[in-house]
Amino acid sequence: MRHQKKNRKFGLVRKVRRALLKGLSRSLIKYERIKTTEAKAKELRPLVERLVTKSKIDTIHHRRRAARLLGKEETKKIFTEIAPRYLERSGGYTRIVKLQRRKKDDARMAIIEFI
């Protein structure tokens, strides 16, 4: 039974699932808006929000923690462009907008973007 198991598996093994979320978070920070499935967007949101919260305090420790998940360009962008926008805000940096279902497989689609 899956009682109180909050993470989605997407039918993937742990390594591949982490790589998927890593790639999605890099894309979201790079383009500031991506289109993906609703489930992936909902799984990505807490990860990115934690990153933004940590990057509001610019220390070497927080930069290294962000660099683990992101690339060089994305780490620089989150600390110099994205985090300073939200210094007054205490959370809720992203928005998920639901779209029409995908024709191919009828998957629920969504756009996740920074507010």
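The preceding data block contains the structure.
Structure report, in brief. Note that the structure is a prediction, hence the values are computed from the model and not measured.

Side note on the packing of aromatic side chains
Moving on, step 1. Tallied over the full model, the rule gives 2 aromatic pairs.
Moving on, step 2. Measuring from centroid to centroid gives 5.1 Å for tyrosine 86 and tyrosine 93, while their planes differ by 50°, and the two rings are tilted.
Moving on, step 3. Among the residues examined, tyrosine 86 registers a relative accessible area of 4% and is labelled buried.
Moving on, step 4. Among the aromatic side chains, those forming a connected cluster through ring pairs are Tyr86, Tyr93 and Phe114.
Moving on, step 5. Here the guanidinium or amino end of arginine 63 rests over the ring plane of phenylalanine 79, the centre of that ring lying 4.5 Å away.

Topic: the packing of helix 2 (residues 38-55) against helix 4 (residues 72-85)
Moving on, step 1. The geometry of helix 2 relative to helix 4 is characterised by a closest axis approach of 9 Å and an angle of 95° between their N-to-C directions. Considered as vectors, helix 2 and helix 4 are oriented roughly perpendicular to each other. Judged by residue contacts, Leu51, Val52 and Ser55 of helix 2 engage Ile78, Phe79, Ile82 and Ala83 from helix 4.
Moving on, step 2. Along the lines of polarity and charge, the residues of the contact of helix 2 with helix 4 split into 6 nonpolar, 1 polar and no charged.

A closer look at the nonpolar core
Moving on, step 1. In this structure, Val52, Ile78 and Phe114 are the most contacted members of the largest nonpolar core, which totals 21 residues.
Moving on, step 2. For this core, the secondary-structure elements that each account for two or more residues are helix 1 (14-31), helix 2, helix 3 (60-69), helix 4 and strand 3 (109-114).
Moving on, step 3. No other element matches helix 2, which puts 5 residues into this core.
Moving on, step 4. The contacts of phenylalanine 114, once residues within four sequence positions are left out, are Leu28, Ile29, Glu32, Val48, Val52, Ile82, Arg85, Tyr86, Tyr93 and Thr94.

Side note on the pairing of strand 3
Moving on, step 1. Of all 6 residues that make up strand 3, 6 are buried, and the element is covered over most of its length.
Moving on, step 2. Judged by which residues are buried, strand 3 turns out to be covered on both faces: Met109, Ile111 and Glu113 on one side and Ala110, Ile112 and Phe114 on the other are all buried.
Moving on, step 3. Of the strand pairs in this sheet, strand 1 (residues 33-37) and strand 3 are connected by 5 bridges, and their pairing is antiparallel. Across the sheet, residue arginine 33 finds its bridge partner in strand 3, namely glutamate 113.
Moving on, step 4. Here 5 bridges tie strand 2 (residues 94-98) to strand 3, and the two strands are oriented antiparallel to one another. Opposite threonine 94, over in strand 3, you have phenylalanine 114 as the bridge partner.

Thresholds, definitions, all that
- Residues numbered from 1 in each chain as written.
- Predicted model: local features only at pLDDT ≥ 70, side-chain atom pairs only at ≥ 80, totals over all residues.
- Heavy atoms only, no water.
- Phe/Tyr/Trp six-rings, centres within 6.5 Å; stacked < 30°, edge-to-face > 60°.
- Buried < 20%, exposed > 50% of the residue type's maximum accessible area, 1.4 Å probe, protein only.
- Lys NZ or Arg CZ within 6 Å of the ring centre and 35° of its normal.
- Axes fitted to C-alpha atoms, helices over the stretch in contact; angles between N-to-C directions.
- Helix = DSSP H or I, 4+ residues; strand = E, 2+ residues; numbered from the N terminus.
- Parallel < 35°, antiparallel > 145°, perpendicular 65-115°, else oblique.
- Contact = heavy atoms within 4.5 Å.
- Nonpolar A, V, L, I, M, F, W, Y, C, P; charged D, E, K, R; others polar.
- Core = buried A, V, L, I, M, F, W, Y, C linked by side-chain atoms within 4.5 Å.
- Pairing = 2+ DSSP bridges.

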